[in-house]
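Remarks on the overall topology
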Amino acid sequence: MSVSGVTVAKPFDGTAPDRPMLIGGQWVEAVAGEWIDVVSPGHRGLKLARVPRAREEDADRAVAAARKAWPAWRDLHFKERQKALLQIADALEKAAEDLAQLTAWDTGNALRPQARPESQTLVNLFRYFGGIAGEFKGTVLPAGSDQLQYTRRESLGVVAGILPWNSPLMIAGMKVPAALAAGNTIVLKAAEDAPLTILLMAEIASKFLPDGVLNVLTGFGTEVGEALVQHKGVDKVSFTGSSRVGHHVAEAAGSRLAHVSLELGGKSPSIVFPDAATDATVDGLLTAMRFTRQGQSCTAGSRLFVHEDVFDDVVGRLVEKVKLLKVGDPLDEATDMGAIINQKQFDQIKNYIEDGRSQSGVRVALDGEGKVPDGLDGFYQAPTIFANVDNSWRIAQEEIFGPVLVAIPWRTRDEVIRMANDSTYGLAAYVWSNKLDEAIDTANRIESGWVQVNQGGGQNIGQSYGGYKSSGIGREFSLEGAMESFTQIKQINVKIG
Ligand code: NAD
C-alpha cells in the first residue's frame, strides 16, 4: 500500500506478522528478542501480530536516540517543524481509513461511530499543532531603554509519552504533535493491548522526521513503561492511563523532579434538570455516556443524576434508545458498539454488574446480560443501566470503564452538586438545563476540569482539557496546554549600552 509515496503496512491481512518498534529511525526487535502477541478483542483468539517486548535496555536505546536528535530538532526555525507536522497530517489523512480499520481490529472500537472519527482526530491534531508551531514564543518586558528583558519558551528535551489502549490514536495526537511542535523529541510507549495503530502512525510520520525525533516502544507498563518513568534521560513524562498507575508515575517522576502531566480516570456526572427532559437531552446522555465506545472513555458521563420529577420518564426514554444500539463486529458498518478490550477488563465489568445487582433497592432498568451477538466470539457486553442507585455505592464511585450507567435521583440543586462532587475524580461533567442561571451556576460549582452544558460530545481541538482531583494534573489539547506541558520559560535580562 502506498500513502503519498510512503509504503505502509496493511491494516490486517489475515496473517500475524512481526511488527518491530521504531528507535532512532530503525525498525528493531527488543534486545532480549522477546515478543508479545497482539490479539483482537472482537475475535477472541485471533492473533493480529507480534510486537517486541521491550525492557529497560530498549528504553535506554530509545532515550539515547531521542537525546541525540533533540538539539538539531530544537534549533530549527519553527517553519521547518511546522512543515514536517503538516506533511504528516496530509499523509495520515490519506491513510485515515487504514488507520481506522486497524483501530477496529486492534482496540475493538467500532469502525463507523468511533474508529473513523478517532483517526480523523489524529489528523486534525497534527494539523492544528503544525499550524500553531510559531506560537511557542516568549515575551518582552518594557523595562526601560537600557534593558532588553525577554523570555524564551524552550523545549524540555526528551518526552516519554505513555499511552492507554482505549483510543490510542487520539491520545497520541494529544502528545506527539504538541511535543514536537515545541521542539522536543519523543519516545512513545504504546499500550500492550493496542500497539498496532501507533506503529502504523509512526511508520507514516517518521518519513517526514529526522531519525530519533519520534521513537516508539512496545511492551508492558511495569517493564519498559517503568523504565521510561525512572530514566534520567527523560525530561518529561506525559502519561495517560488509570489513576492507580498515574499516582505511581507522579511519585516516581516527581522523586527525580522530572516534568510530569497526567490524564487519568473519571466518573463524570451528568445532571438533568426537570425542564430539560427532552429527546435532545436523551440523545445527548447516550453520547455523553460514550456507549458507542463501550463506555471505555475517561470522559464518560457514567453517573446520571436526574431530578426526581422526571427520573422515570428520562431513564425510560434513555433505555428505549440505548436498547436499539447494535453490539457487534467492530469492522461491520452497521455496528454501534464494538468489543471490550480484553478478558481482564471484561471480567471486571461483569464483576461490577454483579455488585450492582446485589444492592438492595436497585432497579435494573436495562439488562445487558446474555445479549452477545450471534456467531461472534469476542469480549462483547451490551449496555446495562441501573436505576435508583445510591451515590455511595461502589458502582457509583469507581470507574467501571464499560457500558454500565448508574442513574441517581435528586431533589435540590445543592444536593445534586454535592453528590456530583462527592467523587475522587474530576475529569468531565454534563449539565442539562434550559435555564441559563441554573446551568451556569451548576457548571461553575462542579469540581471538574471540563463541563459541558446541553451537549455530550468529545473534546474540540484547541480547547483546554485535563482533570481535577484524581483525574490528573496538567492540560493537553490546547495551545496553552501545550505551552505549559511541553516548554519551560527562560528569562534573559540584557543591559544595553
Ligand atoms: P493503565 O494505567 O493500566 O495503563 C496505561 C499505560 O501505562 C499503558 O501503556 C501501560 O502499559 C502503562 N503502565 C502501566 N504500569 C506502568 C508503570 N508502572 N510505569 C509506567 N507505565 C505503566 O490504563 P489503561 O487500562 O491502559 O487505560 C484505561 C485508563 O486510562 C482508564 O482509567 C481511563 O480513564 C484512562 N484514560 C484517561 C484519559 C484522559 O484523557 N484522562 C484518556 C484515556 C484513558
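Residues numbered from 1 in each chain as written. Predicted model: local features only at pLDDT ≥ 70, side-chain atom pairs only at ≥ 80, totals over all residues. Heavy atoms only, no water.

Per an unreviewed UniProt entry, the recorded name for the protein is Aldehyde dehydrogenase family protein, and the organism is Nakamurella antarctica. According to the UniProt record, the Sequence similarities (unreviewed entry) comment for the protein reads "Belongs to the aldehyde dehydrogenase family." (UniProt positions renumbered as here; feature names shortened; annotations may be inferred.)

Strand order in the open sheet made by the 3 strands is S7-S8-S24, with antiparallel pairing throughout. On the outer flanks of this sheet lie strand S7 (140-141) and strand S24 (487-495), each paired with one strand and no other. In this fold helix H15 (residues 479-486) packs onto strand S8 (147-155) and S24, with an angle of close to 75 degrees to the strand it touches most, S24. (Pairing = 2+ DSSP bridges. Helix = DSSP H or I, 4+ residues; strand = E, 2+ residues; numbered from the N terminus. Contact = heavy atoms within 4.5 Å. Axes fitted to C-alpha atoms, helices over the stretch in contact; angles between N-to-C directions.)

For the structure shown, the criterion picks out 6 aromatic pairs. Aromatic side chains Phe346 and Phe379 sit 5.7 Å apart centroid to centroid with 50 degrees between the ring planes, which places their arrangement in the tilted category. Placement of the pair is Phe346 in helix H11 (residues 343-357) and Phe379 in the loop between strand S16 (363-366) and strand S17 (384-387), with a sequence separation of 33 residues. The same class applies to Phe346 and to Phe379, which are both buried. Plain terms: the ring middles of Trp450 and Tyr465 are 6.0 Å apart, the flat faces sit at 90 degrees to each other, and that makes the pair edge-to-face. With Trp450 in strand S21 (residues 450-453) and Tyr465 in the loop between S21 and strand S22 (468-469), the pair connects residues that are 15 residues apart, well separated along the chain. Each member of the pair, Trp450 as well as Tyr465, is classed as buried. Arg74 extends its terminal NZ or CZ atom over the ring of Trp70, reaching a point 4.7 Å from the ring centre. The ring of Phe486 has Lys236 sitting right over it, with the charged end atom 5.0 Å from the ring centre. (Phe/Tyr/Trp six-rings, centres within 6.5 Å; stacked < 30°, edge-to-face > 60°. Buried < 20%, exposed > 50% of the residue type's maximum accessible area, 1.4 Å probe, protein only. Lys NZ or Arg CZ within 6 Å of the ring centre and 35° of its normal.)

Domain annotation of the protein identifies domain 1 (2-264 + 470-491) and domain 2 (269-466). Its C-alpha centre places domain 1 at a distance of 30 Å from the equivalent point of domain 2. Taken together, the 37 residues of domain 1 in the interface contact 40 residues of domain 2. Across the domain 1/domain 2 interface, buried area totals approximately 3,200 Å², and carbon plus sulfur atoms make up 53% of it. Summed over the shared surface of domain 1 and domain 2, the number is 3 salt bridges. When the shortest N-O distance is used, the salt bridge between Asp336 and Arg112 registers 2.7 Å. Along the contact surface separating domain 1 from domain 2 lie 22 residue pairs in polar contact (both at pLDDT 80 or more). Elements represented by at least two residues in the side of domain 1 that touches domain 2 include exactly helix H3 (96-107), helix H4 (111-131) and helix H5 (168-181). Ranked by the residues each element gives to the side of domain 1 that touches domain 2, the list is headed by H4, at 9 residues. Its residues assigned to classes, the side of domain 1 that touches domain 2 shows 13 nonpolar, 16 polar and 8 charged. (Domains from an automatic or database assignment. Buried area = accessible area lost by both parts, 1.4 Å probe. Salt bridge = Lys/Arg side-chain N within 4 Å of Asp/Glu carboxyl O. Polar contact = N/O pair within 3.5 Å; in protein donor to acceptor, adjacent residues only side chain to side chain. Nonpolar A, V, L, I, M, F, W, Y, C, P; charged D, E, K, R; others polar.)

Further remarks concern the packing of helix H9 (residues 279-288) against helix H10 (residues 311-323). Look at H9 against H10: their axes get within 10 Å of each other, and the N-to-C directions meet at 60 degrees. Comparing their axes, H10 and H9 come out oblique. When you trace H9 past H10, the crossing you get is right-handed. Here Asp279, Val282, Asp283, Leu285 and Leu286 of H9 come into contact with H10, specifically with Val314, Arg317, Leu318, Lys321 and Val322. When its residues are assigned to classes, the contact of H9 with H10 shows 6 nonpolar, no polar and 4 charged. (Parallel < 35°, antiparallel > 145°, perpendicular 65-115°, else oblique. Left-handed = near helix turned anticlockwise from the far one by under 90°.)

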